[in-house]
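Geometric and topological summary
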Amino acid sequence: MGQSYVVQDCSYAVIQNGEGKVAVARTPKGIVLLGGGVEPGESEQDALYREAYEESGYRIRIISRLGFASQYVNNFAKGRYRLKRGTFFECELTEKLGPPLEDDHELVWMPYQEAHDSLIRPFHRWALEFVSSASRSTS
């Protein structure tokens, strides 16, 4: 209450393999889905291609748009308040291009429940749940 929030548009990837594992990034802040902020003049998809490469070293293929979710993120110590507006996509890794460009990010495959419980952002957990419920309803 009483704070001004800067809006940050973001794109994130939900990537699962045939073994029930989810691709996440281990960062100094914790476990997150691959993805991040959309730069000025960049599409949501182009931002996701760039972010996934920077964080994992992989090229991705977007399969489908899952939906949108927002989350307020507060950094009280720095006095920063952001509204992250996320677009989530179901994706797959296609080609290893090299090491991640972000030295403090590591691509990790986790079982679904471990990934869900480890994700630090509630709207990332929502996207994982959304994909899981959609796959159960089609099987």
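Residues numbered from 1 in each chain as written. Predicted model: local features only at pLDDT ≥ 70, side-chain atom pairs only at ≥ 80, totals over all residues. Heavy atoms only, no water.

**So, the nonpolar core**
- Val14, Val24, Leu33 and Phe88 are the most contacted members of the largest nonpolar core, which totals 18 residues.
- Elements represented by at least two residues in this core include exactly β1 (6-15), β2 (21-27), β5 (58-75), β7 (106-111) and α3 (122-138).
- Element by element, the count of residues in this core is highest for α3, at four residues.
- Discounting chain neighbours no more than four positions away, the residues touching phenylalanine 88 are Tyr12, Leu33, Arg65, Leu66, Gly67, Ala69, Phe123, His124, Trp126 and Ala127.
- Core analysis: the second largest hydrophobic core is formed by twelve residues, Ala13, Ile15, Val32 and Cys91 among them. (Core = buried A, V, L, I, M, F, W, Y, C linked by side-chain atoms within 4.5 Å. Buried < 20%, exposed > 50% of the residue type's maximum accessible area, 1.4 Å probe, protein only. Helix = DSSP H or I, 4+ residues; strand = E, 2+ residues; numbered from the N terminus. Contact = heavy atoms within 4.5 Å.)

**Some words on the side chain of lysine 84**
- Checked against the element boundaries, lysine 84 lands in strand β6 (residues 80-96).
- The side chain of lysine 84 sits in the buried core without any salt bridge; glutamate 51 is the nearest counter-charge, 8.5 Å away.
- Here glutamine 8 takes part through its side chain, which lies 3.2 Å from a polar atom of the side chain of lysine 84. (Lys, Arg positive; Asp, Glu negative; His and termini not counted. Salt bridge = Lys/Arg side-chain N within 4 Å of Asp/Glu carboxyl O. Polar contact = N/O pair within 3.5 Å; in protein donor to acceptor, adjacent residues only side chain to side chain.)

**Regarding the packing of aromatic side chains**
- Enumeration according to the criterion identifies seven aromatic pairs in this entry.
- Ring centres of tyrosine 5 and tyrosine 72 lie 4.8 Å apart, and the angle between their planes is 75°; this geometry places the pair in the edge-to-face category. Of the two residues, tyrosine 5 sits in the segment before β1 while tyrosine 72 sits in strand β5, which places them 67 residues apart along the sequence.
- Owing to a relative accessible area of 29%, tyrosine 5 belongs among the partly exposed residues under this scheme.
- Using a relative accessible area of 51% as the deciding quantity, one classes tyrosine 72 as exposed.
- Ring-pair connections join several aromatic residues into one group, and the members of that group are Tyr12, Phe88, Phe123, Trp126 and Phe130. (Phe/Tyr/Trp six-rings, centres within 6.5 Å; stacked < 30°, edge-to-face > 60°.)

**With respect to the sheet that holds strand β3 (residues 30-32)**
- Strand order in the open sheet formed by three strands is β3-β2-β7, with antiparallel pairing between adjacent strands. Every other strand in the sheet has two partners, leaving β3 and β7 as the edge strands with one partner each. Strand-to-strand twist in this sheet, taken as the mean axis angle between neighbours without regard to direction, amounts to 45°.
- Bridging between β2 and β3 involves three bridges; their strand directions are antiparallel. Its bridge partner lying in β3, alanine 25 is registered against valine 32. (Pairing = 2+ DSSP bridges. Axes fitted to C-alpha atoms, helices over the stretch in contact; angles between N-to-C directions.)

**Section: the side chain of threonine 87**
- Considering the arrangement of structural elements, one finds threonine 87 in strand β6.
- Its relative accessible area of 3% is what places threonine 87 among the buried residues.
- Among residues more than four places away in sequence, those in contact with threonine 87 are Cys10, Ser11, Tyr12, Glu44, Arg65, Gly67 and Phe68.

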